[in-house]
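An overview of the molecular structure
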Amino acid sequence: MPTKFQRWKESITATDIVMWFIGSALLVFIILGSILTLRAGRYTPVQWFDFVIYGLAQGSIYALVAMGYTLVYGVLRMINFAHSEVFMSGPFTAYYVAAYFSRSSLLESHPFICLIIVFIVSMTVSTLIAFLLERIAYRPLRNAPRLIPLITAIGASFTLMYLFRGLFGTGFQAYPVWAIFTGKWVLFKGLEIGKIQVFVIFAAALVMITLYLFIQRTRTGKAVRSVSEDKEAASLMGVDIDKTISVTFIIGGAAAGAAGVLYALVFKQVFFMMGFIPGIKAFTAAVLGGIGNIPGAMLGGLLLGLLESLGPSLFLDGYNIAAPYQLKDAIAFLVLVLVLIFRPTGLLGERLAIKKA
Amino acid sequence: MEQIRAIWRYGIKVGIVGSIVLVLMALIGMIEVFTQRQVIADIISMGHTLYLAAGLFICYMAARRTTPAKPLWIISNSIFAGLTTAVFLVLLIILGRNVNLRLMFINASDLLLNNLLTFGVQGNNGLRLLLIAGMATGLFTGFFYLLPKIVRTVILWSLAGSVFAGVLQELIRPILSNNFPDVISEWLLTSDGLTMKGALSIFIFIALVIISWSIKGEGIRQGWQGLPKKQQSTWRTIGTIILLAVILIAPWRLGLFMSEVLTIVGLYVLLGLGLNIVVGYAGLLDLGYVAFFAIGAYVTALITSPEIMNLNWSLWAAIPFALFFGILAGVLLGVPVLKMRGDYLAIATMGFGEIIRLLVLSDALRPFLGGSQGIGKIAKPQVLGFVFKGPQEIYYLIIAGCLLVIFVSWRLKDSRIGRAWKAMREDEDVAQAMGINLVSNKLLAFGTGAGFAALSGVIFGSKIGSIYPHSFNIMVSINIVCLIIFGGIGSIPGVIVGAAALIGLPELLREFAEYRFLVYGIALVVMMLIRPEGLWPEEAHKRELHEGKANGTK
């Protein structure tokens, strides 16, 4: 009777050895880089704290968008490439509302009401677009071979992106500045925290917890979970598949819309392509945490935000690489690739581990 | 009651959807931009043609969906569709008059709303005209739908042909002026577009062709099949020789601009054929393909340019190096993704592509790769002192490359490797169980595809003369994927058709360039919904894609 170890020894292939080699080389590179950076002492603890907070804020936004990816993947087993455009559509259209408020100085007199209205408009638009997307582009292709819905998603992503470009132009629209968000709060001696960062983290957490409770505690949420586990069985149990999938897209869309407004508040700009790279990063977050797994999406988002924020300074700066911040996106993509190679099931999730062809 | 509703319900339903699309089309500025080009000079522009065509299409769809399919019902639904569309447009115009829509929709200009959409008639008369036009379109389409199929086909294709000819007059003009007496070009074209006489002539010509084909076509086809094999193959050889001759003399007969267009299309054909092997034959969706293209171009640049490495070798020396590094990169990038499938593979390869682009762009690697300023002064190909400078000469280089790649693709398809790929594509697990070594076959696919891309990179680098990281973004990969899908996955003529349509047309119709990716996106979605096997499909793929339907699972 071969032991477990012996069987494992036999199952290793040459590619596995190559991959381990690459993986360990990367690990050494990262650890060495961190040691060098910390020893060089180029950054003060306050700066590290700033990086962490910034990373958490960014990460919360990614987490919100990642929820959309992870939910849709759970029920449809496909990556909704167009989700990044759903993310973009909300704040883009809400911009005009915000601009109107700013122009008529309603923004100064009633900042919170204006903010809430902007959120509502944004989330409505993104939800609507997500819903239409599913109805028009995905529903007819539900039983098609793997490649086709993927291509459709890419096509839909481009259609939306360039539709918005055609309608609203190529310019960068600057969000008005809410006075309540400028400035920092002082925590204790020498340690400040940006008000906007705090708001983003709290707002994102609020939305995420609401959605998580919805998925866990309500009947519709249970329907969503059941469809993502086994579509046929769920329909046999009387779950309305079409409606449930629509609800899934709606939830994801709403979360993405909220995330979009937060993103616009932090980066103060919207433009038609703003969804593309954050979309890929949010997908990375979803995979990192475990696709199909909602707490995983949240964890993955925060983790990715931190890695992106701390990465250039912690891992790369020690090697005296010029302008490491340009490689911030490269680090995010590298995380994506590494997760897909070494642990496609993600950190938390082990459902949907092996993709069926 | 149900009967009475059937008079208008399809019309209104289709009309609402159609008017949203038409309003969007107007607000993205497509109609306005397209009016810059005349189809029939001074009579109708491309913009208005699009406008009318959209209206006709909406009414046609309403007519098609009418049940019961009684003539009166069909006509009335068609009219209602046209009317609904017109009503929505009127509402838009009225809204635009009272509210400054330009604050939000940058294209909602006065020109669009009060002139173009109302066919040039101002004020309230314009609105009335629009409503009448909507109903008239519906009436016309309703009757058109009731005509026998052959008449509809003839009218449709002849109209389409005339519009196409008018729109592509920049292509037709140099062909005519270089090869035919001036009389013909004066009859057909003016400086802007077709003449009325020209349009009519083309219409009648195409109509005659279609009618004679439908009468004689079956006879010709049976005659062809009746011929003995030897005669068939002689005819085929003659046909191929004529085709080759046309290809070879093309740049000199078509002029500089067309040669340039053909060169660019040719480059994308090369790229498309390479990706066709990875995606079409082996079924591995690679969205980071542009990385190999970049590697080919950068290796060429480093070897032949005086900048950075100062080797100054000739272009021919660069080719083997570019191929080597390209194939190596293909294999290296293939190793990590061996176990991934479908969506994950796509995203992972996209990630790789972006990483390479960011590395090439970064300041960290500037001393080696030129950073955002790129590398310049790449050598042009030389043979015994003759330098391939202009597009007409580079054209031959590209044709040579294309022929080589077409040949390799064609031979690979029916070889053992090709069949192994096909098995892998259909079901990896079963293929492995049948004894196909997934690792070596996948790496072979990646490597070959990468090699082709590197070859294109060499030619591209030489043609442009200096390369920048910005030319190697993910849009290029998406472009290539789009054109393969559009033309037909796995099919060699499909790649050529796809490249001609998706790359050539935007070059010829400059107005299109603005909406290029929008059209790509819509084309992809529509293709996937209606005809996923592409325009010129390959038999096996067509069967694969429709087998769900045959089994009744769709």
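Model, not experiment: these values are computed from the prediction. (Residues numbered from 1 in each chain as written. Chains lettered and ligands numbered in written order. Predicted model: local features only at pLDDT ≥ 70, side-chain atom pairs only at ≥ 80, totals over all residues.)

1. Some points on the overall build of chain B
The criterion, for reference: Only DSSP runs of H or I with at least four residues qualify as helices, and only runs of E with at least two residues qualify as strands; both kinds are numbered from the N terminus onward. With the radius of gyration taken over C-alpha atoms, the globule rule is written as 2.2 Å times the number of residues to the power 0.38. Placing C-beta atoms from the backbone, we regard two residues as in contact once those atoms come within 7 Å.
Helix and strand counts for chain B come out as 25 helices and four strands. Taking 24 Å as the expected radius of gyration for a compact globule of 554 residues, we find that chain B reaches 27 Å, a close match to that expectation. C-alpha extents for chain B along the principal axes are approximately 75 × 50 × 50 Å. Across chain B, contacts joining residues at least 24 apart in sequence account for 75% of those joining residues at least 6 apart.

2. Brief notes about the overall build of chain A
Operational definition: Put plainly, a residue is buried at 20 or more neighbouring C-beta atoms within 10 Å of its own, exposed at 12 or fewer, and partly exposed in between, counting only other residues' C-beta atoms, which are placed from the backbone.
What chain A contains, in helices and strands, is 14 helices and four strands. For 357 residues, the compact-globule estimate of 2.2 N^0.38 gives 21 Å, and chain A sits close to it at 22 Å. Across the 357 residues of chain A, 49% fall into the buried class. Pairs at least 24 residues apart make up 78% of the contacts formed inside chain A by residues separated by at least 6 positions.

3. Focus on helix 13 (residues 294-316) of chain A
All names here are of chain A. Applicable threshold: Multiply 1.5 Å by the residue count of a helix minus one, and that product is the helix's expected span. Fitting axes to the seven residues that end at a residue and to the seven that start at it, the angle between those axes gives the bend at that residue.
Helix length check: helix 13, at 23 residues, gives a terminal C-alpha distance of 31 Å against a target of 33 Å (1.5 Å per residue), a fit within 8%. At Leu310, helix 13 shows its strongest bend, of approximately 55 degrees, with the proline Pro312 following within four residues. Judged by how many residues are buried, helix 13 sits mostly within the fold: 20 of 23 residues are covered.

4. A closer look at the interface of chain A and chain B
How we decide: For this classification, Asp, Glu, Lys and Arg are treated as charged, while Ala, Val, Leu, Ile, Met, Phe, Trp, Tyr, Cys and Pro are nonpolar and the rest, including Gly, are polar.
With 46 residues of chain A in contact, the opposing surface of chain B contributes 49 residues. Sorting elements by how many residues they give to the side of chain A that touches chain B places helix 7 (residues 147-168) of chain A first, with 15 residues. Looking at the side of chain A that touches chain B residue by residue, the class counts come to 35 nonpolar, eight polar and three charged.

5. What about the environment of A:Phe214?
If you trace the backbone, A:Phe214 turns up in helix 8 (residues 195-217). Between the C-alpha atoms of A:Phe214 and A:Val335, which are 121 residues apart in sequence, the distance is 30 Å.

6. Quick look at the environment of B:Arg543
Topologically, B:Arg543 is positioned in helix 25 (residues 539-551). Residues B:Arg543 and B:Glu533, spaced 10 residues apart in sequence, show a C-alpha to C-alpha distance of 8.9 Å.

7. Description of the confidence of the model for chain A
Using the following cut-off: The pLDDT score gives, residue by residue, the confidence of the prediction method on a 0 to 100 scale.
Per-residue confidence for chain A gives a mean pLDDT of 85, with 96% of residues at or over 70. Overall, residues 352-357 of chain A carries pLDDT values under 50, and its contacts beyond four positions in sequence, including any with other chains, amount to 12 contacts.

8. What to know about the packing of helix 3 (residues 45-76) of chain A against helix 4 (residues 83-103) of chain A
All names here are of chain A. Formally: Angles run from 0 to 180 degrees between N-to-C directions of axes, and those axes are lines fitted to C-alpha atoms, restricted for helices to the stretch in contact. Roughly parallel here means an angle under 35 degrees, roughly antiparallel means over 145, roughly perpendicular means 65 to 115, and every remaining angle is called oblique. Crossing handedness follows the turn of the near helix against the far one: under a right angle anticlockwise gives a left-handed crossing, and clockwise gives a right-handed one.
In the contact formed by helix 3 and helix 4, the axes pass within 10 Å of each other and the chain directions differ by 140 degrees. The orientation of helix 3 with respect to helix 4, classified from their angle, is oblique. Every pair of crossing elements has a handedness; the one defined by helix 3 and helix 4 is right-handed. When helix 3 is examined against helix 4, the residues Val65, Gly68, Tyr69 and Val72 are found in contact with a partner set consisting of His83, Val86 and Phe87. By residue class, the composition of the contact of helix 3 with helix 4 is five nonpolar, two polar and no charged.

9. Notes on the nonpolar core
Our working rule: Take the buried Ala, Val, Leu, Ile, Met, Phe, Trp, Tyr and Cys residues, join any whose C-beta atoms are within 7 Å, and the set you get is a nonpolar core.
Within the largest apolar cluster, 274 residues are counted, with the highest numbers of intra-cluster contacts made by A:Ala63 and A:Leu64. What A:Leu64 contacts, discounting residues up to four positions off in sequence, is A:Ala204, A:Val207, A:Met208, A:Ala255, A:Ala256, A:Ala258 and A:Ala259.

10. Overview of the packing of helix 12 (residues 276-289) of chain A against helix 14 (residues 328-342) of chain A
Residues and elements named next belong to chain A. Helix 14 packs onto helix 12 with a crossing angle of 35 degrees between their chain directions and a minimal axis gap of 9 Å. Here helix 12 and helix 14 pass one another in a crossing that is left-handed. Here Ile277, Lys281, Thr284, Val287 and Leu288 of helix 12 come into contact with helix 14, specifically with Asp329, Ala332, Val335, Leu336, Val339 and Leu340. For the contact of helix 12 with helix 14, the per-class residue count stands at eight nonpolar, one polar and two charged.

11. Some details on unusual backbone geometry
Residues and elements named next belong to chain A. Here the phi dihedral of Arg77 falls at roughly 55 degrees; this positive angle occurs in a residue that is not glycine. Judged by local crowding, Arg77 falls into the partly exposed class, with 18 C-beta atoms found within 10 Å. One non-glycine residue with positive phi stands out, namely Lys268, at about 60 degrees. Among the structural elements, Lys268 can be located in the loop between helix 11 (241-267) and strand 4 (269-270). The class for Lys268 is partly exposed, based on 14 C-beta atoms found within 10 Å.

12. Some points on the confidence of the model for chain B
All names here are of chain B. Mean pLDDT over chain B works out to 83, with 97% of the residues at or above the 70 mark. Of all helices and strands in chain B, the one with the weakest mean pLDDT is helix 25 (67), whereas helix 20 (residues 438-464) scores best (92). The ipTM value of the predicted complex is 0.83, and its pTM value is 0.85.

13. Some points on the environment of B:Ile7
Residue and element names in this part refer to chain B. The topology assignment puts Ile7 in the loop between helix 1 (2-5) and helix 2 (9-27). C-beta crowding within 10 Å serves as the criterion here: with 16 such atoms nearby, Ile7 is assigned to the partly exposed category. Not counting residues up to four positions away in its chain, the partners in contact with Ile7 are Trp73 and Ser76.

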